[in-house]
Amino acid sequence: MMLADVLLVAAKDLRIEWRSRVTVSQVLPFALLVLVLFGFALDANRPVLDAATGGLFWVAVMFVSIVAVQRSTSIETTDGARRALLLAGVEPAAVFLGKAAAVALQLLAVEVVMVGGVIVLYDASIESIGLLVATCLVATVGIAAAGTLLGALVAGVRARETVLPILLLPVLAPVLIGATRAFDDALGTVAVDGWAWLGLLAGFGAINIVLGALAYGVLLEET
Amino acid sequence: MSIVRLHAAVALIGRFPALAGVDLQVSSGEVVLVQGPNGAGKSTLLRLCAGLMRLESGSGEILGHDLMTERPAIRRQVGLLGHDTALYDDLSVRENLEFWARASRVDVGAVDPAMERLGVAERLHDISVGQLSAGQRRRVALAGVVVRRPQLWLLDEPHAGLDPSGRDLVDRLVIDAAAAGATVLLSSHEVDRTLDLATRRITVAGGTITGDVDDVG
C-alpha cells in the first residue's frame, strides 16, 4: 500500500513536470548555461579547468537542484494542494518518498545531458563509467531527499525562494565534496579512491531518507 | 449519534485564538448553517472539524474519532470544500479527480459520475485545471468531495464564485447528501438561500458560538 502511494505521488509530480516542461525549458538550459560560463571563466587556464571539472559539474548540479526542489515544493503549496494530500490520508512518508523520487529522476535526466556537456565543452574523458554512474545515482538520491525535506520545511515561509538556497546549499556541502572526489576519480583528473567517497554519499542519502520519512508528516501538518 | 462533538474547543492561528472555547454537538443527518461576519472563525471551525487544525485545548470527537489523537482517521472520512480548491493546475480535470480518488482509496469509477453531476464532464474533462475559470474550478473541487461520498460534508462558502446553475447544483448536492444520511456543515453569507437548506443555524462571532437555532429550514 505504501509503495502504491509512493508511485502515485511520484507519477503525479512527473506528469505535472511533463506537462509544464519546466525541466526541459528552464532547468536544463540553466544547467548548460552554468557549465558554459564556468568554461568561459577557466578555459584560458586549461589545466585548472581539467582539474576542476568534477567540482564544476557538481556545483552546477547544486544550482539545478535548488530550481527542481523549489518547483516540487510549489506544486503542493499552490492553491492549497497539500491539503488534498492530508485529507486523502496518504502516509506522509509516502508523500516524501514519492516527491523525492520525482526530483531525483528529473535531476538524473539533467545530469545525463550535463555529463555530455562536460565531455563536449571541457573535453573531459571518462576512465570509470561505473563509478561515474554510481556517483550520479547515489549523490542524486541524497540531494533529492535533503531537498524535498527542506522544501517542506520552508513551504510555509513567505520568502521560501530565497530561504531554500540558504538552507539547502550548506546541507548539501558533504555531497558536493564527496561527489566531486568520486568524479575526480571517475574522470581520472585526481588520484583519489572514488569508491570510498561513494560511502560518504550513501550515508548522507540514507540519513536524509530516514529523516525525511520520519519528519515529513510533522512538516506537512505544520507548514 | 453525534457526528461532531466539541467541548471548550480552542484552536490557534499563529498565536491568535481563532476559536476561543467552542461547544458544539451535531447529530447525524443535520444540515447546519454556520454564519457570522468575516474573521469570526467559521472557516477555522470547519477546518478543525476536518482534522486539519490542532485542538489547542478542550476536547472533541468527529465521527467518533478523537480530535487530539486521531486526526488522520478524521481526515479520511470527511469531505471539505475550502476557500482554495486544492487542485493541480497542470493536470486535467479527470487526472486531478482520479489522483484524488486513488489517494483516498476510493473507486476511480466514481469520477465519471461526479464529473457529470457537476457539469465538468463533456467539454472540460481533458482541459488543464489551470485553464478553467474560478467557477469551473469550484465545480471540480466539489466533484472531488462527491467522489469521496463522505459522512461529513464541510462546505466553506460553497456558492462563492458559482453561476446560478452552479448555486442550484450546490443546493441539490446538500439536499441529496442529507437525504443519504450524511451530515453537512456549511458556512455562507447567502443566508436566505442556505436557510432553506439548513435544519439548524449557528452563529459564530469572535471565535465562539453566540447563537444556535434549530428547525430553521
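Peer 1: Give a description of unusual backbone geometry that names residues and reports values.
Peer 2: Residue and element names in this part refer to chain B. Residues other than glycine seldom take positive phi values, yet L63 does so here, at roughly 50 degrees. One can find L63 in the loop between strand 4 (57-62) and strand 5 (65-66). Of note in the backbone geometry, R105 takes a positive phi value of approximately 60 degrees without being a glycine. Relative to the helices and strands, R105 is located in the loop between helix 3 (93-103) and helix 4 (111-117).

Peer 1: Could you give an account of the interface of chain B and chain A, with specific residues and numbers?
Peer 2: Bring the parts together and some accessible area is lost; that lost area is often taken as the interface size. The interface is formed by 27 residues belonging to chain B together with 26 residues belonging to chain A. By the criterion of area lost to chain A, the three top residues of chain B are Y88, D90 and F99 of chain B, representing 25% of everything that side buries. For the interface between chain B and chain A, the tally reads eight salt bridges. The partner of R71 of chain B in a salt bridge is E221 of chain A, with the nearest N and O atoms 3.4 Å apart. In this structure, the connection of chain B to chain A is made through 15 residue pairs in polar contact (both at pLDDT 80 or more).

Peer 1: I'd like a description of the packing of aromatic side chains, backed by residues and values.
Peer 2: All names here are of chain A. Applying the stated criterion across every chain yields a total of five aromatic pairs over all chains. Ring geometry for F57 against W58: centres 5.2 Å apart, planes inclined by 75 degrees, an arrangement best described as edge-to-face. Summarising the aromatic geometry, the rings of W58 and F183 are spaced 5.4 Å apart at their centres and angled 80 degrees between planes, so their arrangement reads as edge-to-face. Taken together, the residues W58 in helix 3 (residues 46-77) and F183 in helix 8 (residues 173-187) connect sequence positions 125 residues apart. Taken as a pair, W58 and F183 share a single burial class, namely buried. The rings of F57, W58 and F183 are connected pair by pair, giving a single aromatic cluster. Between the NZ or CZ atom of R21 and the centre of the ring of W18, over which it lies, the distance is 4.3 Å.

Peer 1: Could you give me a rundown of helix 4 (residues 81-88) of chain A, with the residues and numbers involved?
Peer 2: Residues and elements named next belong to chain A. Of all eight residues that make up helix 4, eight are buried, and the element is covered over most of its length. Looking only at helix 4, the buried set comprises A81, R82, R83, A84, L85, L86, L87 and A88. Positive phi appears at G89, one or two residues downstream of helix 4, with a value of about 85 degrees.

Peer 1: If you had to explain the sheet that holds strand 2 (residues 16-27) of chain B to someone new, which residues and values would you point to?
Peer 2: Residue and element names in this part refer to chain B. Spatial ordering of the open sheet is given by 2-1-4-5, a layout of four strands whose pairing is antiparallel. Only two strands of the sheet have a single neighbouring strand rather than two, namely strand 2 and strand 5. Sheet topology places strand 4 next to strand 5; two bridges connect them, and they run antiparallel. Note that in strand 5 the partner of E61 across the bridge is D66. Packing against the sheet, helix 1 (residues 42-49) makes contact with strand 1 (2-13), strand 2 and strand 4, and its axis sits at approximately 120 degrees to strand 1.

Rules used throughout
- Residues numbered from 1 in each chain as written.
- Chains lettered and ligands numbered in written order.
- Predicted model: local features only at pLDDT ≥ 70, side-chain atom pairs only at ≥ 80, totals over all residues.
- Heavy atoms only, no water.
- Helix = DSSP H or I, 4+ residues; strand = E, 2+ residues; numbered from the N terminus.
- Contact = heavy atoms within 4.5 Å.
- Buried area = accessible area lost by both parts, 1.4 Å probe.
- Salt bridge = Lys/Arg side-chain N within 4 Å of Asp/Glu carboxyl O.
- Polar contact = N/O pair within 3.5 Å; in protein donor to acceptor, adjacent residues only side chain to side chain.
- Phe/Tyr/Trp six-rings, centres within 6.5 Å; stacked < 30°, edge-to-face > 60°.
- Buried < 20%, exposed > 50% of the residue type's maximum accessible area, 1.4 Å probe, protein only.
- Lys NZ or Arg CZ within 6 Å of the ring centre and 35° of its normal.
- Pairing = 2+ DSSP bridges.
- Axes fitted to C-alpha atoms, helices over the stretch in contact; angles between N-to-C directions.

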